[in-house]
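A look at the structure
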Amino acid sequence: MAELHSVLMNCLQAVDESVFSMCLTLISDIAQSFPSLMAERLDEYMNLLDLAYWTKAAAEGSTQVQVMTCIGDVALEGRMEKHVGKIIKIMDNALLLASKSQTVCSPQSPQNGEGKNDDESEITLSLIEAICDMWTGLFQGLRGEDKGMQMVQK
């Protein structure tokens, strides 16, 4: 697992978007299939995913959704108590972006070119779906952790 972990850590910091995307998919698959492997390095993965969201994903909607979905999958593993604040900040930011995008996509707003509103609507829906995935992962990952649930309720 040490070799795989090293590869994943390097891929999460990759400049190439396709490598980064494949890495997110692999991390999601590992989190879902082998949660005990994810647990060994949970803090490292969460810190890198948080960093990835605020650096890489901030520029592009589809990457943002991928990072959020991956975080939701990792959160399912549990022991997320110390990461609740980071996850909620990401969800708040995504919700803000989705609401801004929804305003741009409303039927009353003028078209900014052929298909522009359709693209914006797709990104908005994807962001909302990713937010729901993150909440699901967070709630399921916090089951049985009273202190973590208290943090979410604040």
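Coordinates for the structure precede this section.
My aim in this report is to walk through the structure given alongside it, one point at a time.

How each quantity is defined
- Residues numbered from 1 in each chain as written.
- Predicted model: local features only at pLDDT ≥ 70, side-chain atom pairs only at ≥ 80, totals over all residues.
- Heavy atoms only, no water.
- Helix = DSSP H or I, 4+ residues; strand = E, 2+ residues; numbered from the N terminus.
- Buried < 20%, exposed > 50% of the residue type's maximum accessible area, 1.4 Å probe, protein only.
- Contact = heavy atoms within 4.5 Å.
- Core = buried A, V, L, I, M, F, W, Y, C linked by side-chain atoms within 4.5 Å.
- Axes fitted to C-alpha atoms, helices over the stretch in contact; angles between N-to-C directions.
- Parallel < 35°, antiparallel > 145°, perpendicular 65-115°, else oblique.
- Left-handed = near helix turned anticlockwise from the far one by under 90°.
- Nonpolar A, V, L, I, M, F, W, Y, C, P; charged D, E, K, R; others polar.
- Arc of directions from axis to C-beta.

Okay, the environment of Met9 next. You can see Met9 is positioned in helix H1 (residues 2-12). Relative accessible area serves as the criterion here: at 11%, Met9 is assigned to the buried category. In this structure, the C-alpha to C-alpha distance between Met9 and Cys23, residues 14 residues apart in sequence, is 8.8 Å. With sequence-adjacent residues up to four places away left out, Met9 is seen in contact with Glu44, Tyr45 and Leu48.

Turning our attention to the nonpolar core. Counting 39 residues, the largest nonpolar core has Leu12, Ile27, Met68 and Val74 as the members making the most contacts within it. Contributions of two or more residues to this core are made by H1, helix H2 (17-33), helix H4 (42-55), helix H5 (61-75), helix H6 (84-105) and helix H7 (116-142). Setting aside residues no more than four positions away along its own chain, Val74 makes contact with Ile27, Ala31, Met38, Leu42, Met46, Leu49 and Met80.

Our focus in this paragraph is the packing of H1 against H2. Between H1 and H2, the shortest axis-to-axis distance is 8 Å and the interhelical angle comes to 135°. Of the possible angle classes, the one that applies to H1 and H2 is oblique. Note that H1 runs across H2; the crossing there is left-handed. Here Leu4, Leu8, Cys11 and Leu12 of H1 come into contact with H2, specifically with Val19, Phe20, Cys23, Leu24, Leu26, Ile27 and Ile30. For the contact of H1 with H2, the per-class residue count stands at 11 nonpolar, no polar and no charged.

Another aspect to go through is H1. Those residues of H1 not exposed but buried are His5, Leu8, Met9, Cys11 and Leu12. Across the axial projection of H1, the buried residues extend over an arc of 165°, all falling on one side. The exposed residues of H1 that point more than 90 degrees off its buried face are Glu3 and Asn10. Considering only its buried residues, H1 is in contact with H2 and H4.

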